[in-house]
Amino acid sequence: MIIRPATLHDAPDMVAVLNPIIVAGGTTAHQRPFEVERIQSHYIAPKRKVSCMVAEDAGRVIGFQSLNWPQDNDDSVPGGWAIIASFVAPDAAGKGVGPQLFDATKATARAAGVQVIDATIRADNVPGLRYYSGLGFVDYDLLEDVPLSDGSLVDRVRKRYDL
């Protein structure tokens, strides 16, 4: 497995990782499938990017992890904090993809001056909660009844990782 920075050319493979997760439901707040351009602008090259790493195996992207500074008008996290998102193809889950992505993400975060990484996860996303806890993230807040784009309400657990 190769862990490397994502490029714009990885967007179709990243769509192929993320969209089945969205369609399956229950583990991401995203409800609308992504197209190539939206993956590029949301994950690979957003304005507030710290990093976006992909895990590649046998020439195929099997997971990715992004880390972004909060938007200018987002006061949900303090200064020096960045927000993480992680996705692994269902057929690659449990193969160590996530921890390897996080090792690379931590290195870029430290180089960028990130002090704390925030992971805000659906409270019903048991695998996601277990993943972040296993990396050393600790709970620091609970957001209750956060609406998804379809109007349904879900709680979200906020976890932090201090660098």
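Remember, predicted model here, so these are calculated numbers, not experimental data.

## Points about the overall build of the chain
Assigned secondary structure in the chain consists of 4 helices and 7 strands. If one aligns the C-alpha atoms of the chain with their principal axes, the spans along those axes are about 40 × 35 × 30 Å. Sorting the 163 residues of the chain into buried and exposed places 44% on the buried side. Once local pairs closer than 6 in sequence are excluded, the contacts in the chain between residues at least 24 apart make up 61%. Element-wise, carbon and sulfur atoms account for 52% of the exposed surface of the chain, whose accessible area totals about 8100 Å². Here the chain holds 16 positive side-chain charges and 20 negative ones, and the gap between their average locations is 4 Å.

## What about the pattern of salt bridges?
Taken as a whole and assessed by the stated rule, the structure comprises 8 salt bridges. One salt bridge connects Arg-122 with Asp-124, and the closest N-O pair in it is separated by 2.8 Å. For Arg-122, a relative accessible area of 11% puts it in the buried group. A single network of salt bridges, built from pairs that share partners, joins Arg-4, Asp-10 and Glu-56.

## Quick word on helix 4 (residues 126-135)
Residues of helix 4 that are buried: Gly-128, Leu-129, Tyr-132 and Leu-135. Relative to the axis of helix 4, the buried residues are bounded by an arc of 130° and lie together on one face. The exposed residues of helix 4 that point more than 90 degrees off its buried face are Arg-130 and Gly-134. In the core, the buried residues of helix 4 are packed alongside strand 4 (81-88), helix 3 (97-112), strand 5 (116-122) and strand 7 (153-162). Two or three places before Gly-128, at the opening of helix 4, Asn-125 has a side-chain oxygen 2.8 Å from that residue's backbone nitrogen. The first or second residue beyond helix 4 is Gly-136, which carries a positive phi of 105°.

## Remarks on the confidence of the model for the chain
Predicted coordinates in regions of low pLDDT should not be interpreted in detail. With 99% of its residues at a pLDDT of 70 or more, the chain has an overall mean of 91. Across the chain, the secondary-structure element scoring lowest on mean pLDDT is strand 6 (residues 138-147), at 89, and the one scoring highest is strand 1 (residues 2-5), at 97.

Rules used in this analysis
- The numbers attached to residues start from 1 for each chain and follow its sequence in the written order.
- Local features in this predicted model are restricted to residues of pLDDT 70 or higher, and side-chain atom pairs are both shown and tallied only at a pLDDT of 80 or more, whereas totals for entire chains, interfaces and linings draw on every residue.
- To get the side-chain values, all heavy atoms of the structure are used, and hydrogens and water are removed first.
- Secondary structure follows DSSP: runs of H or I at least 4 residues long count as helices, runs of E at least 2 residues long count as strands, and numbering of each begins at the N terminus.
- Exposure classes here rest on a 1.4 Å probe applied to the protein chains alone. A residue is buried below 20% of its type maximum, exposed above 50%, and partly exposed in between.
- Here a residue-residue contact requires only that any non-hydrogen atoms of the pair lie within 4.5 Å.
- We get accessible surface area from the Shrake-Rupley algorithm with a probe of 1.4 Å; when it comes to residues, only the shown protein chains can shield them.
- Under this rule, positive means Lys or Arg and negative means Asp or Glu; His and the chain ends count for nothing.
- Lys charges are placed at NZ, Arg charges at CZ, Asp charges at CG and Glu charges at CD.
- The working definition used for a salt bridge is a side-chain nitrogen of Lys or Arg within 4 Å of a carboxyl oxygen of Asp or Glu.
- Note that the arc is computed from the directions linking the helix axis to the C-beta atoms.
- We define a polar contact as two N or O atoms separated by no more than 3.5 Å, with the added condition that, inside protein, one atom must be a possible hydrogen donor and the other a possible acceptor, whereas residues neighbouring each other in sequence contribute only through side-chain atom pairs.
- Per-residue confidence from the predictor is reported as pLDDT, a score between 0 and 100.

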